[in-house]
Amino acid sequence: MARIRCDFFSEALGMSTSMTVLLPERASAGIGMAGGAVAGDPPVLYLLHGLSDDDTTWTRRTSIERYAAPLGLAVVMPMVARSFYTDETHGNRYWTFLSEELPEVCRSYFRLSDRREDTFVAGLSMGGYGAMKWALRAPGRFAAAASLSGALDVSRRRDHPTSPVNPAVWHTVWGGREVAGTDDDTVALLERAGDDPLPPLYVTCGTEDFLYEDSVRFVDTARRRGLPVTVDFSPGDHDWAYWDAKIQDVLAWLPLRR
């Protein structure tokens, strides 16, 4: 695959930012590295990072490039700082950047499919929250969405007794705004999902993870509403060994053109 670190100016953010992009190529001579590509513009996975990470972290701490290479899948990993993929109260418009500007910028720079059936989103921790929020708020954009150890019940994290969101981060992102019941509350988004069909959802989390209860509540809500969700709760913690293994399962689950 081609790996590109792209530095560009964002109109939504009013500043320069970065993304790391993996692009498929047909290649057979690389030792231990298969290559693949589909006819036409390739499908794309938007792969979102966690709270302490940046756009390079997936490529540095997992083998995502090796896993995606034989699938003919492009992978876009944007930088969103510690924003919870939200238009921050005391910061920047990261939700607008992600949901509106980024796809257009990517398609202007790279040859990527813009068809719903070729578009996917996934992420870990804060990125799992971002992936589900994006899929639930724009269900017509995605063919599938996945959360790995996601902060899927973020409204309860402000005052959580053992693992709350850092107060400084919360203040920057939401200030004094109420999150519960809003479009930043993924459980509430499930509760009021309308007639537009949601993409299939995939939720995986380690049973020793401090965010496990978030995933359980999200899954319980989805099942009670009869919404499509694939669940993988298995032993594991909030770490890269777990995510490196589970991203392979997510890629195998995606309804890719073969």
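Keep in mind that what you see is a predicted model, and the values were worked out from it rather than measured.

Conventions used here
Residues numbered from 1 in each chain as written. Predicted model: local features only at pLDDT ≥ 70, side-chain atom pairs only at ≥ 80, totals over all residues. Heavy atoms only, no water. Helix = DSSP H or I, 4+ residues; strand = E, 2+ residues; numbered from the N terminus. Buried < 20%, exposed > 50% of the residue type's maximum accessible area, 1.4 Å probe, protein only. Areas by Shrake-Rupley, 256 points an atom, 1.4 Å probe, with all protein chains shown as cover. Phe/Tyr/Trp six-rings, centres within 6.5 Å; stacked < 30°, edge-to-face > 60°. Lys NZ or Arg CZ within 6 Å of the ring centre and 35° of its normal. Expected span 1.5 Å × (residues − 1). Polar contact = N/O pair within 3.5 Å; in protein donor to acceptor, adjacent residues only side chain to side chain. Contact = heavy atoms within 4.5 Å. Pairing = 2+ DSSP bridges. Axes fitted to C-alpha atoms, helices over the stretch in contact; angles between N-to-C directions. Right-handed = clockwise from strand over helix to strand, strands pointing away. Core = buried A, V, L, I, M, F, W, Y, C linked by side-chain atoms within 4.5 Å.

1. So, the overall build of the chain
Part 1: Counting secondary structure elements, the chain contains 8 helices and 8 strands.
Part 2: Along the first, second and third principal axes, the C-alpha atoms of the chain reach 55 × 40 × 35 Å.
Part 3: Burial analysis of the chain (258 residues in total) assigns 57% to the buried set.
Part 4: Accessible surface, the chain as shown: approximately 10700 Å² in total, 48% of it carbon and sulfur.

2. A word on the packing of aromatic side chains
Centre distance and the angle of the planes are the two values used to describe a pair of aromatic rings.
Part 1: Within this structure, the stated rule accounts for 12 aromatic pairs.
Part 2: With a centroid separation of 4.9 Å and an interplanar angle of 80°, the aromatic rings of Trp 134 and Phe 142 are classed as edge-to-face.
Part 3: What makes Trp 134 buried here is its relative accessible area of 0%.
Part 4: Members of the aromatic cluster, each reached through a chain of ring pairs, are Phe 8, Phe 97, Tyr 109 and Phe 110.
Part 5: Positioned over the ring face of Trp 95 is Arg 137, at 4.1 Å from the centre of the ring.

3. Observations concerning helix 8 (residues 240-253)
Part 1: In this model helix 8 runs 20 Å from its N-terminal to its C-terminal C-alpha over 14 residues, within 8% of the 20 Å that 1.5 Å per residue would give.
Part 2: Along helix 8, the residues that are buried comprise Trp 240, Tyr 242, Trp 243, Asp 244, Lys 246, Ile 247, Val 250 and Leu 251.
Part 3: For helix 8, the N-terminal capping position is held by Asp 239, with its side-chain oxygen 3.4 Å away from the main-chain nitrogen of Ala 241.

4. A word on the environment of Arg 93
Part 1: On the secondary structure map, Arg 93 appears in the loop between strand 4 (74-78) and helix 3 (94-109).
Part 2: Along the primary structure Arg 93 and Val 80 are separated by 13 residues, whereas in three dimensions their C-alpha atoms are 9.6 Å apart.
Part 3: Setting aside residues up to four positions removed in sequence, Arg 93 forms contacts with Glu 11, Ala 12, Leu 13, Thr 86 and Asp 87.

5. Structural notes on the sheet that holds strand 5 (residues 119-124)
Part 1: Spatial strand order, 1-2-4-3-5-6-7-8: 8 strands in an open sheet with mixed pairing. At either end of the open sheet lies a strand with only one pairing partner, and these are strand 1 (2-10) and strand 8 (229-234). Direction aside, neighbouring strands of the sheet carry axes that sit 15° apart on average.
Part 2: Set on the sheet, helix 4 (residues 126-137) makes contact with strand 3 (44-48), strand 5, strand 6 (144-148) and strand 7 (201-206); between it and strand 5 the angle comes to about 150°.
Part 3: Here helix 7 (residues 212-224) sits on the sheet in contact with strand 7 and strand 8, set at roughly 150° to strand 8.

6. Some points on helix 4
Part 1: For helix 4, spanning 12 residues, the distance from its first C-alpha to its last is 16 Å, which sits close to the expected 16 Å at 1.5 Å a residue.
Part 2: Where helix 4 is concerned, the buried positions are Met 126, Gly 127, Gly 128, Tyr 129, Gly 130, Ala 131, Met 132, Lys 133, Trp 134, Ala 135 and Leu 136.

7. Overview of the environment of Ser 113
Part 1: One can find Ser 113 in the loop between helix 3 and strand 5.
Part 2: Here Ser 113 falls in the buried class, since its relative accessible area comes to 6%.
Part 3: A C-alpha to C-alpha distance of 34 Å links Ser 113 and Arg 217, two positions 104 residues apart in sequence.
Part 4: Beyond its immediate sequence surroundings of up to four residues, Ser 113 is in contact with Asp 41, Pro 42, Pro 43, Val 44, Arg 107, Asp 118 and Thr 119.

8. So, the pairing of strand 6
Part 1: Across the 5 residues of strand 6, 5 count as buried, placing the element largely inside the fold.
Part 2: Burial along strand 6 is two-sided: the residues Ala 144, Ala 146 and Leu 148 and Ala 145 and Ser 147 are all buried.
Part 3: Summarising the sheet, strand 5 and strand 6 pair through 5 bridges and their orientation is parallel. Bridging across to strand 6, Val 121 finds its partner in Ala 145.
Part 4: In this fold, strand 5 hands off to helix 4, which returns the chain to strand 6; that crossover is right-handed.
Part 5: Pairing analysis gives 4 bridges linking strand 6 to strand 7, with the strands arranged parallel. Bridging across to strand 7, Ser 147 finds its partner in Val 203.

9. Examining the nonpolar core
Part 1: Counting residues in hydrophobic clusters, the biggest one holds 55 residues, and the most contacted among them are Met 19, Tyr 46, Val 76, Phe 84 and Val 121.
Part 2: Counting 29 residues, the second largest nonpolar core, distinct from the first, contains Ala 122, Ile 247, Leu 251 and Leu 256.

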